[in-house]
Amino acid sequence: MSKEFIPTVRYLNYLDLSFEQSQDAISVFDLDDNIITCNRAFEQLYGWTLEECSEKPISFYPETEYEKVHARCELLYKGQSLANERVTEMRKDGTLFQAEISMTPIFNEFNEVVAISHIARDITSRLQMEQKTLEFERLKTMSMVAAKVAHEVRNPMTAITGFIQLMNQDPANPYSYFTEIMGKEISRVNQIVTDFLALAKPTLHDTAPVSILEVIEEMLIEFDEQFNECAISCQLNAEELELFILGDKSSLHQVFYNILSNCCDAIEHTGNIIISLTIQEGTLHICIVDDGCGMDQMTLASIDQPFFSTKENGTGLGMFITKKIIVDHKGTLLVESQQSAWTKVWISLPLANETLH
């Protein structure tokens, strides 16, 4: 073996090792979008083995991404590289994830594009963390505004309320019909101010171990009469008995009060609510499902916006406050719904480090 050949062999071996041991998913596709080769990280990320998908027409993205994928391919076939493209990809089992992909054309000796290399990285967790950070900052800003507005509004409203009460107590008041309406509207404003103060109030002054199961059971007792009046069946499923988190019990009471109130409003009369608690990787997952009227997509997209409400006398701050409390507890809250069918509320909270008795 010549001296010149030895470094070349070593270089190729290192290149192969780098390809196989890379933490990023690396793959090569032909111009018909069939996979030619891939590394172990690709198999782990997408769920396909090389033998299963080699030179076969397999889609690694959902149908909704077809136009974007086609547009990228047009650029790549012309010899243009694409770096750090944010895309939606699909695993073998059909689940979707967010990825960052760099794509580079591979040329032959005639400078013709013969294949495309892909280097993909799952960024779902990173995007979720970024979203949580943005949500936290948004809620923090809203809390500061709420504290200021509530203070500025409550003082003059107290004076106005006092004058209207005096007018309503006067039997000779010729405007009693109007002042009574004014009194009701002021009560509504006061409720908004109260909600604003709840939004501004820190929910985690002193953290303590809280049994989520106990909180939910106490709330179900509080709603028992309403459930009976409205013929609502509520089922609680818990895999574990000791489900403790570090948090504020009164704030968590408010979370489940707001959610169960919404469930009852959605059902109105005769229906079911199912509450399920599960644990996965140190996180408590709570799913609350009702078979009420559900929501259309436009309503669903707006429910955690301040002052948005579908209720005639609602302040539109209930879900906003609920989400703030969950975020303060380092958790997440998601809502899914299908109009005229059901609504699901998903809450995830980190468990306390030790199981307490």
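Look a little higher up for the structure.
Bear in mind that the values here come from a model prediction, so they are computed numbers and not experimental data.

About the cut-offs
- Residues numbered from 1 in each chain as written.
- Predicted model: local features only at pLDDT ≥ 70, side-chain atom pairs only at ≥ 80, totals over all residues.
- Heavy atoms only, no water.
- Helix = DSSP H or I, 4+ residues; strand = E, 2+ residues; numbered from the N terminus.
- Buried < 20%, exposed > 50% of the residue type's maximum accessible area, 1.4 Å probe, protein only.
- Areas by Shrake-Rupley, 256 points an atom, 1.4 Å probe, with all protein chains shown as cover.
- Pairing = 2+ DSSP bridges.
- Axes fitted to C-alpha atoms, helices over the stretch in contact; angles between N-to-C directions.
- Phe/Tyr/Trp six-rings, centres within 6.5 Å; stacked < 30°, edge-to-face > 60°.
- Core = buried A, V, L, I, M, F, W, Y, C linked by side-chain atoms within 4.5 Å.
- Disulfide = S-S within 2.5 Å.
- Contact = heavy atoms within 4.5 Å.
- Salt bridge = Lys/Arg side-chain N within 4 Å of Asp/Glu carboxyl O.

Caption draft 1: Examining the overall build of the protein more closely. Tallying secondary structure elements over the protein gives 10 helices and 12 strands in all. The 357 residues of the protein split such that 37% are buried. Of the roughly 21600 Å² of accessible surface on the protein, a fraction of 54% belongs to carbon and sulfur atoms.

Caption draft 2: Focus on the sheet that holds strand 11 (residues 332-338). Read from one edge to the other, the open sheet built from five strands follows the order 7-9-10-12-11, with strand pairing classed as mixed. The open sheet has two edge strands, strand 7 (232-238) and strand 11, and neither has a second partner. For this sheet, the mean angle separating the axes of adjacent strands, direction not counted, is 10 degrees. Where strand 11 meets strand 12 (residues 342-350), seven bridges bridge the pair, whose relative direction is antiparallel.

Caption draft 3: Geometry of the packing of aromatic side chains. A complete count under the given rule lists eight aromatic pairs for this structure. For the pair Phe 42 and Phe 60, a centre-to-centre distance of 5.4 Å together with 75 degrees between the ring planes defines the contact as edge-to-face. Here Phe 60 lies in the loop between helix 3 (50-53) and helix 4 (66-77) and Phe 42 lies in helix 2 (residues 40-46), a separation of 18 residues in the sequence. Both residues of the pair, Phe 42 and Phe 60, count as buried. Between Tyr 46 and Phe 97, the ring centres sit 5.4 Å apart and the planes meet at 70 degrees, which makes this aromatic pair edge-to-face. Of this pair, Tyr 46 sits in helix 2 while Phe 97 sits in strand 4 (residues 96-107), and the two are 51 residues apart along the sequence. The class of Tyr 46 is buried, set by a relative accessible area of 2%.

Caption draft 4: A look at the nonpolar core. Formed by 40 residues in total, the largest nonpolar core has its most connected members in Ile 212, Phe 256, Ile 286 and Ile 347. Counting residues per element, the ones that place at least two in this core are helix 7 (212-229), helix 8 (249-267), strand 9 (271-280), strand 10 (283-290), helix 10 (318-328), strand 11 and strand 12. Residues Ile 58, Leu 82, Met 103 and Ile 116 belong to the second largest nonpolar core, which totals 21 residues.

Caption draft 5: Focus on the state of the cysteines. All told, the structure shown has zero disulfides when counted by the stated rule. With no disulfide partner, Cys 38 has as its closest neighbouring cysteine sulfur the one in Cys 53, 5.1 Å distant.

Caption draft 6: Quick look at the pairing of strand 10. Inspection of the sheet shows strand 9 paired to strand 10 by eight bridges, in the antiparallel sense. By the bridge assignment for strand 10, Ile 279 is matched with Leu 284. Taking the residues between adjacent antiparallel strands as the criterion, strand 9 and strand 10 are bridged by two residues, where Glu 281 takes a positive phi near 50 degrees. Here eight bridges tie strand 10 to strand 12, and the two strands are oriented antiparallel to one another. Considered in strand 12, the bridge of Cys 287 is made with Trp 346.

Caption draft 7: Summary view of the sheet that holds strand 5 (residues 113-122). With respect to topology, five strands assemble into an open sheet ordered 2-1-5-4-3, the strand pairing being antiparallel. The open sheet terminates on both sides in strands that have one partner only, identified here as strand 2 (35-38) and strand 3 (82-90). Along the sheet, successive strands turn relative to each other by an average axial angle of 30 degrees, direction set aside. With seven bridges joining them, strand 3 and strand 4 adopt antiparallel strand pairing. From the neighbouring strand, Met 90 faces strand 4, where its bridge partner is Leu 96. Against the sheet, helix 4 engages strand 3, strand 4 and strand 5, with an angle of about 145 degrees to strand 3.

Caption draft 8: Structural view of the side chain of Ser 117. Structurally, Ser 117 can be placed in strand 5. Overall, the relative accessible area of 19% leaves Ser 117 in the buried class. Every residue in contact with Ser 117, bar those within four places of it in the chain, is listed here: Ser 27, Val 28, Ser 102, Met 103, Thr 104 and Ile 106.

Caption draft 9: Structural view of the pattern of salt bridges. Within the structure shown, the criterion is met by eight salt bridges. Here Arg 121 and Asp 24 are joined by a salt bridge, their closest N and O atoms 2.8 Å apart. Taken together, the positions of Arg 121 in strand 5 and Asp 24 in the loop between helix 1 (5-21) and strand 1 (25-30) put the pair 97 residues apart, joining distant regions of the chain. Residue Arg 121 is classed as partly exposed on the basis of its relative accessible area, which comes to 45%. Residue classification places Asp 24 among the buried positions, given a relative accessible area of 16%. A salt bridge links Asp 122 to Arg 91, with the shortest nitrogen-to-oxygen separation between them at 3.5 Å. Note that Asp 122 is positioned in strand 5 and Arg 91 in the loop between strand 3 and strand 4, a separation of 31 residues in sequence. Taking relative accessible area as the criterion, Asp 122 reaches 34% and is therefore assigned partly exposed.

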